Amino acid sequence: MSSGTLPYGKYHRAGALGEGTYGSVVAVYDDAGKELALKMFDCDENNETLELGTLRELSILRLLRESNSHPNIVEMVDIMEPGEEGDCTEGNLCMAMPMFRA
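Here is what the cut-offs are and how they apply
Residues numbered from 1 in each chain as written. Predicted model: local features only at pLDDT ≥ 70, side-chain atom pairs only at ≥ 80, totals over all residues. Heavy atoms only, no water. Buried < 20%, exposed > 50% of the residue type's maximum accessible area, 1.4 Å probe, protein only. Helix = DSSP H or I, 4+ residues; strand = E, 2+ residues; numbered from the N terminus. Pairing = 2+ DSSP bridges. pLDDT = per-residue confidence, 0-100. Salt bridge = Lys/Arg side-chain N within 4 Å of Asp/Glu carboxyl O.

Section: the pairing of strand β3 (residues 35-41)
Most of β3 is tucked away, with 6 of its 7 residues classed as buried. Where strand β2 (residues 23-30) and β3 come together, 7 bridges link them in antiparallel fashion. The partner of V28 across the bridge, within β3, is L36. Relative to strand β5 (residues 93-98), β3 runs antiparallel, the two being bridged by 6 bridges. Note that in β5 the partner of M40 across the bridge is C94.

Now the structure itself:
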């Protein structure tokens with residue numbers, strides 16, 4: 001099963017949305033002005049690796065990215081590897097997804 005291609009885009013940080021067990025979520029926008037949510041995954045403090053739950057979440061969403069996805073499962077728009085300090089990823093692995101506002 002193919003997982004499709006991801007754009008590996010550049011994003012500009014707009015503001016914090018919240019924090020959770022595996023990291024934080026911030027609002028970002030791309031160069032076209034589309035608003036997205038960026039989930040930034042924290043590394044394990046002891047050995048600087050990702051939590052098993054993080055890897056599991058990313059793997060499952062990657063598999064569900066194609067036509068077999070369910071409307072109640074968030075779309076994975078992009079994945080960014082840890083970048084340099086000072087960019088919108090703050091040195092963390094990140095996943096971009098559509099922004100949903102209540």
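A few points about the confidence of the model for the chain
Mean pLDDT for the chain: 77, with 75% of residues reaching 70 or above. Between the elements of the chain, mean pLDDT differs from a low of 82, seen in helix α1 (residues 52-63), to a high of 90, seen in β3.

Describing the pattern of salt bridges
Taken as a whole, this structure holds 1 salt bridge when the rule is applied. Ionic pairing is found between K39 and E57, a salt bridge with its closest N-O pair at 3.0 Å. Of the two residues, K39 is situated in strand β3 and E57 in helix α1; the sequence distance between them amounts to 18 residues.

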